[in-house]
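Residue-level structural notes
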Amino acid sequence: MQQKKMTLKGLAEILGVHTSTVGRVMDPETRHMVGEEVAQRVLTEAAKHGYRPNKMAAALRTRRSNIVGVMLPDITNPVFPPILLGIEDELRKHGYVALVTNAGEDPAQQRFVVDQLLARQVDALILATATRDDPVIGHCLEAGVALVTVNRSEDSSRVSSVVNDEYAGMRLAVEHVLALGHSQLVHLVGPQTLSTGHLRKEGYELALAAHGVARDDVLLAECSAYTREAGRAGCLDALDRYPQATAILAGNDLLALGCYDALRERGLRCPEDVSVVGHNDMPFVDMVNPPLTTVRIGHHAMGVQAAQLVLRQLRGEGGGQVEIRLKPELVVRGSTAVPRKR
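Along each chain, residues carry numbers from 1 onward, in the same order as the chain's sequence is written. Per-residue local features are limited, in this predicted model, to residues with pLDDT of at least 70; the limit for side-chain atom pairs, both in listing and counting, is 80 or more; totals at the level of whole chains, interfaces and linings are taken over all residues. As a convention, hydrogens and water are excluded, and side-chain values are obtained from all of the structure's heavy atoms.

1. Focus: the overall build of the protein
In terms of regular secondary structure, the protein is built from 12 helices and 12 strands. Its C-alpha atoms give the protein principal-axis dimensions of roughly 85 × 40 × 35 Å. Buried residues are those whose accessible area, probed at 1.4 Å on protein chains only, stays under 20% of the maximum for their type, while exposed residues exceed 50% and partly exposed ones sit between those limits. Among the 342 residues that make up the protein, the fraction classed as buried is 50%. Just so you know, the count uses Lys and Arg for positive and Asp and Glu for negative, and it drops His and the chain ends. Charged side chains are reduced to one point each, which is NZ for Lys, CZ for Arg, CG for Asp and CD for Glu. The distance from the centre of the 38 positive side-chain charges to the centre of the 40 negative ones in the protein is 6 Å. Only DSSP runs of H or I reaching four residues or more are called helices, and only runs of E reaching two or more are called strands; each is numbered from the N terminus.

So, in structure tokens, the structure goes:
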């Protein structure tokens, strides 16, 4: 005969406490409201009887599901798993879980995904999909849901965000190759619809301007997307237009890996003929040949901070929108060296 499922009321009767006491203990967010000894008794008895809180009933009662929707643009991009891990690690500490979706870059598809998440009663959204002028963010704001963007931001600053300091990152990259003796460097520019692509390009231009290089003399090659294939195409274009270049600063690590492909295709060596710098320090770029010099971004910390921001919104703490910029660092590996004449 199947054993009857333990209820919150039944557990309270066994322990001789009020049902609200059991409810508070079973919620990590309110457990501190109950004495430590009583809380331990409740947890022990709950484990003994296999009791699990009825989250659906609690959500109906409190209008909270303790679920945060996280929307990614490309789950195959190695940048996003560390961000997601940081989000989940922080949410879990406070009794929340993430409902993760891979929405791509199409606004219509993203809006559909947002509507599906809202229909599942998520308490908040963390978007890694933001563009500089993002209609999906407007849709979320109209729905009145707590919202934070991560890794990317929008130009109008309507919502809080956690991003990298893109100017500082490009300054580190430029200063590094200039210190090695390179004077002819090219930036592989990421998509300009994204804050990362736009601000890294601006950061590159500002860093060179500090060394007396006029904006009209800055060497750039556009890339259509943050992919290895786009990096290869952008690098081939750069090699054709700027054969004198001895260093390439890629808009991200995937573009840098595309540079490796293009250089091999042209019979050029890295770093002997052309130095390459990436951006992100995504997993495994230290294992390619040569290991990639890159700007490291704290993606796990980025996820943690995004979760903290959205939790503060849910608690009604703080006012106004904030932008948290994380400090990058340069990781020097084998893809950069003193330039040689070709």
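2. Brief notes about the pattern of salt bridges
A pair is scored as a salt bridge if a Lys or Arg side-chain nitrogen falls within 4 Å of a carboxyl oxygen belonging to Asp or Glu. Considering all chains together, one arrives at 18 salt bridges under this definition. The partner of Asp 281 in a salt bridge is Arg 333, with the nearest N and O atoms 3.0 Å apart. Here Asp 281 is found in the loop between β9 (275-280) and β10 (293-296), whereas its partner Arg 333 is found in the segment after β12 (329-331), with 52 residues between them in sequence. Members of the salt-bridge network, linked through shared partners, are Asp 281, Arg 296, Glu 329 and Arg 333.

3. Looking at the environment of Pro 339
On the secondary structure map, Pro 339 appears in the segment after β12. Assessed through its relative accessible area of 25%, Pro 339 is described here as partly exposed. On a C-alpha basis, the gap between Pro 339 and His 300 in space is 34 Å, while along the polypeptide they are 39 residues apart. We call two residues in contact whenever any of their non-hydrogen atoms come within 4.5 Å of each other. Those residues in contact with Pro 339 that lie beyond four places of it in its chain are Leu 180, Gly 181, His 182 and Thr 246.

4. Overview of the nonpolar core
Working definition of a nonpolar core: buried Ala, Val, Leu, Ile, Met, Phe, Trp, Tyr and Cys residues. They are joined through side-chain atoms within 4.5 Å. Leu 91, Ile 126, Leu 188, Cys 235 and Val 276 are the most contacted members of the largest nonpolar core, which totals 58 residues. Residue contacts for Cys 235: discarding those within four places in its chain leaves Leu 188, Ile 248, Cys 259, Ala 262 and Leu 263.

5. Considerations on helix α11 (residues 253-265)
Residue pairs three or four apart in sequence face the same way in an α-helix, which turns once every 3.6 residues. A helix's residues, less one, multiplied by 1.5 Å, set its expected span. With 13 residues, α11 should cover 18 Å at 1.5 Å per step; its first-to-last C-alpha distance of 19 Å lies within 8% of that length. Counting buried positions along α11 gives 11 out of 13 residues, so the element sits mostly inside the fold. Within α11 the residues assigned to the buried category are Asp 253, Leu 254, Leu 255, Ala 256, Leu 257, Gly 258, Cys 259, Tyr 260, Asp 261, Ala 262 and Leu 263. Looking at the buried side of α11, the elements it contacts are β6 (185-189), α10 (228-241), β8 (247-250), β9 and β10. Here a polar contact is taken to be a pair of N or O atoms separated by no more than 3.5 Å, where protein atoms must pair a possible hydrogen donor with a possible acceptor and residues adjacent in sequence count only if both atoms sit in side chains. In this structure Asn 252 caps α11, since a side-chain oxygen of it lies 3.2 Å from the backbone nitrogen of Leu 254. Looking one or two residues beyond α11, the residue adopting positive phi is Gly 267, at roughly 75°.

6. Some details on the packing of helix α6 (residues 107-119) against helix α7 (residues 135-143)
Convention adopted: a line fitted to C-alpha atoms gives each axis, helices being fitted over their contacting stretch, and angles between N-to-C directions are expressed from 0 to 180 degrees. Packing of α6 against α7 leaves a shortest axis separation of 9 Å and a crossing angle of 25°. Here α7 runs roughly parallel to α6, going by the angle between their axes. Read as a crossing pair, α6 and α7 show a hand that is right-handed. Counting all contacts with α6, which are made through Pro 107, Gln 110, Arg 111, Val 114, Asp 115 and Leu 118, the residues of α7 involved are Pro 135, Val 136, His 139, Cys 140 and Ala 143. A per-class count over the contact of α6 with α7 returns seven nonpolar, two polar and two charged. Throughout, the term roughly parallel applies to angles under 35 degrees, roughly antiparallel to angles over 145, roughly perpendicular to angles from 65 to 115, and oblique to all others. Note: crossing handedness is left-handed where the near helix turns anticlockwise from the far helix by less than a right angle, and right-handed where it turns clockwise. Residue type decides the class: Asp, Glu, Lys and Arg count as charged, Ala, Val, Leu, Ile, Met, Phe, Trp, Tyr, Cys and Pro as nonpolar, and the leftover types, Gly among them, as polar.

7. Some thoughts on unusual backbone geometry
A cis amide bond, omega 10°, links Cys 270 with the succeeding residue Pro 271. The topology assignment puts Pro 271 in the loop between α11 and β9. With an omega dihedral of 0°, the bond running from Asn 289 to Pro 290 counts as a cis peptide bond. When you line up the elements, Pro 290 lands in the loop between β9 and β10. With phi around 135°, Asn 280 is a residue other than glycine that occupies positive phi space.

8. A few points about the sheet that holds strand β3 (residues 124-127)
Read from one edge to the other, the open sheet built from six strands follows the order β2-β1-β3-β4-β5-β11, with strand pairing classed as parallel. Strand pairing shows two members of the sheet lacking a second neighbour, β2 (97-102) and β11 (323-326), which therefore form its edges. Adjacent strand axes in the sheet meet at a mean angle of 20° when their direction is disregarded. Against the sheet, helix α5 (residues 80-93) makes contact with β1 (67-72), β2, β3 and β4 (146-150), and its axis sits at roughly 155° relative to β2, the strand it touches most. Across the sheet, α7 is in contact with β1, β3 and β4; its angle to β4 comes to roughly 155°. Pairing between two strands requires that DSSP report at least two bridges joining them.

9. Points about the environment of Ala 128
Summarising the element assignment, Ala 128 is placed in the loop between β3 and α7. When the C-alpha atoms of Ala 128 and Gly 303 are compared, they prove to be 9.9 Å apart, with 175 residues separating the residues in sequence. Setting aside residues no more than four positions away along its own chain, Ala 128 makes contact with Met 71, Leu 72, Pro 73, Phe 80, Val 150 and Arg 152.

10. Some details on the pairing of β9
Along β9, six of the six residues are buried, which leaves the element largely enclosed by surrounding structure. With three bridges joining them, β8 and β9 adopt parallel strand pairing. Looking at β9, one finds that Ala 247 is bridged to Ser 275. Note on the crossover from β8 through α11 to β9: the handedness is right-handed. Inspection of the sheet shows β9 paired to β10 by four bridges, in the parallel sense. The crossover handedness rule: strands pointing away from the viewer, path from first strand over the helix to second strand clockwise, crossover right-handed.

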